[in-house]
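# Coordinate inspection notes
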Amino acid sequence: MKNYPPQFKADAVALYQSRPEATIRQVAADLGINPETLRNWVRAAGASRPRGRRAEVPAEPPTPLEAENAALRKKVRELEEEREILRKAAKYFAGETRW
């Protein structure tokens, strides 16, 4: 059984919460951990993802360019967060493999 630092656990839960389209299994595979381990961390954190649509509706629909820019900004944020979590995981696992 592996011991993960609390910060890694918190980052993994945050990553799961930030990706509403991803399953626990997908996020766990990205991080190289067991899906049940991540599921337990999510439960212990009392984390949940928003369900359904947001109540706030914009006054006028965004133009296609604005919509594309918003989607791209969201994707960049997700990828930056994933990269940071994977960087931390790599440092953690690199430290474990050395005697």
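Overview of the structure. (Residues numbered from 1 in each chain as written. Predicted model: local features only at pLDDT ≥ 70, side-chain atom pairs only at ≥ 80, totals over all residues. Heavy atoms only, no water.)

## Section: the packing of helix α2 (residues 24–31) against helix α3 (residues 35–45)
Under the convention used in this document: Note on geometry: axes are C-alpha line fits, over the in-contact stretch for helices, and angles between N-to-C directions span 0 to 180 degrees. Counting from the N terminus, the helices are the DSSP runs of H or I reaching at least four residues and the strands are the DSSP runs of E reaching at least two. Reported orientations rely on four angle classes, namely roughly parallel under 35 degrees, roughly antiparallel over 145, roughly perpendicular from 65 to 115, and oblique for the rest. Here a crossing is called left-handed whenever its near helix is offset anticlockwise from the far helix by less than a right angle, and right-handed whenever the offset is clockwise. In what follows, residue pairs with any heavy atoms lying within 4.5 Å of each other are defined as contacts. Side-chain classes follow a simple rule in which Ala, Val, Leu, Ile, Met, Phe, Trp, Tyr, Cys and Pro form the nonpolar group, Asp, Glu, Lys and Arg form the charged group, and the remainder, Gly included, forms the polar group.
Closest axis-to-axis distance for the α2/α3 pair is 8 Å, and the angle between their directions is 115 degrees. By the criterion of interaxial angle, the relationship of α2 to α3 is roughly perpendicular. As α2 packs across α3, the resulting crossing turns out to be right-handed. In this structure, α2 uses Ile24, Arg25, Val27 and Ala28 to contact α3, whose residues at the interface are Pro35, Leu38 and Arg39. Here the contact of α2 with α3 is composed, by residue class, of 5 nonpolar, no polar and 2 charged.

## Quick look at the environment of threonine 23
To keep it simple, the criterion reads: Only protein chains enter the area calculation, which uses a 1.4 Å probe; residues under 20% of their type maximum are buried, those over 50% are exposed, and those in between are partly exposed.
Within the secondary structure, threonine 23 is located in the loop between α1 (6–18) and α2. Threonine 23 gets classed as partly exposed once you look at its relative accessible area, which sits at 39%. Each C-alpha atom of the pair threonine 23 and proline 35 lies 9.4 Å from the other, and the pair is 12 residues apart in sequence.

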